[in-house]
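One-letter residues, chain by chain:
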Amino acid sequence: MRVVLDTNILVSALIAPAGNPAAIYNAWEQGQFTLLTCAEHLDELRATLQKPRVSELIKPYKAGRLVNQIKKLAQNIGHLPRVKRSPDPGDNFLLALAEAGNADYLVTGDKSGLLALASHKSTCIITARDFAALFLPSDKTAGENVPSVPRRPAAYFFCCAAGAGSLVGGTMFLSRMYVTRLP
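Bear in mind that the values here come from a model prediction, so they are computed numbers and not experimental data.

Cut-offs used in this document
Within each chain, residues carry numbers counting from 1 in the order of the written sequence. Only residues with pLDDT of 70 or above have their local features reported here, since the model is predicted, and side-chain atom pairs are shown and tallied only from 80 upward, although totals for entire chains, interfaces and linings are computed over all residues. Computation of side-chain values covers all heavy atoms of the structure but excludes hydrogens and water. For helices the rule is a DSSP run of H or I covering at least 4 residues; for strands it is a run of E covering at least 2, with both sets numbered from the N terminus onward. A 1.4 Å probe rolled over the protein chains alone gives each residue an accessible area, and that area as a share of the maximum for its type sets the label: buried under 20%, exposed over 50%, partly exposed in between. Two residues qualify as a contact provided that any one of their heavy atoms is within 4.5 Å of a heavy atom in the partner residue. Calculation of accessible area relied on Shrake-Rupley with a 1.4 Å probe; when residues are assessed, cover is drawn exclusively from the protein chains displayed. For every element, the axis is a line fit to its C-alpha atoms; helices are fit only across the contacting stretch, and the angle between N-to-C directions ranges from 0 to 180 degrees. Orientation labels follow simple angle bins: below 35 degrees gives roughly parallel, above 145 gives roughly antiparallel, 65 to 115 gives roughly perpendicular, and whatever is left gives oblique. In this count, Pro and Cys sit with the nonpolar residues alongside Ala, Val, Leu, Ile, Met, Phe, Trp and Tyr, while Asp, Glu, Lys and Arg are called charged and the others, Gly among them, polar. Think of a nonpolar core as a cluster: buried Ala, Val, Leu, Ile, Met, Phe, Trp, Tyr and Cys residues, connected wherever their side-chain atoms sit within 4.5 Å.

Student: Is there a simple way to explain the overall build of the protein chain in this structure?
Tutor: Looking only at helices and strands, the protein chain has eight helices and eight strands in total. Within the span of the protein chain, comprising 183 residues, buried residues form 48% of the whole. Taking the intrachain contacts of the protein chain between residues at least 6 apart in sequence as the baseline, contacts between residues at least 24 apart amount to 57%. With an accessible surface of roughly 9600 Å², the protein chain has 52% of that area assigned to carbon and sulfur atoms.

Have a look at this one:
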């Protein structure tokens, strides 16, 4: 499975180590999916980690470790196509990264921007909570000390398309048009 994680997910993983973004980051570290990155992605991550409000919450060594791990272990996609589709032009590179890297998912917390698109080419755009549900049992939370949060089973997601699909955790994913709940 090939995945693009928006910067807000990566930063949230460091700020809230018991949340869904952290569970996703841990799943990547355990080899459960391939993380895709590019120069623009790393630049945005570095810039975000240096913002005063963020740097107050994250120790510099943790921020540096995150950037270094991504540089070393994520698959770097060199050439990105031009994409002008996001309501926030600053997020177009994420759509281009997903397209060039043939990503199955783009995981974001950007409700008014990327999530509103639902998909781009063959990539489903979903929340951290929905993506984490692929790795966590439906009765578990992202961390032991976190209050119980209802989880949707992996079958909750179904990205409809007229094209190729992939099998993830026993659930068929056809990616492209929209995300909807299965009965």
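Student: Even after reading the chapter, I still don't get the packing of helix α3 (residues 39-49) against helix α5 (residues 60-73), so can you show me in this structure?
Tutor: In a pair of packed helices, the angle between the axes and the distance between the axes together describe the arrangement. Put simply, α3 and α5 touch, their axes get as near as 10 Å, and they point 175° apart. Taken together, the axis directions place α3 and α5 in an arrangement best described as roughly antiparallel. Residues L42, L45, R46 and L49 of α3 form the contact with α5, whose own contacting residues are A63, L66, V67, I70 and K71. Counted by class, the contact of α3 with α5 contains seven nonpolar, no polar and two charged residues.

Student: So what exactly am I meant to see when it comes to the nonpolar core here?
Tutor: Core analysis: the biggest nonpolar cluster contains 34 residues, and L5, F33, L49, I70, V107 and F131 have the highest contact counts within it. Residue assignment for this core shows that the elements contributing at least two residues are β1 (2-5), α1 (7-15), α2 (20-29), α3, α5, β4 (105-107), β6 (123-126) and α8 (128-132). Considering each element in turn, this core owes the most residues, six residues, to α2. Each residue touching L5, except ones within four places of it in the same chain, is listed here: L10, I24, F33, L35, H41 and V107.

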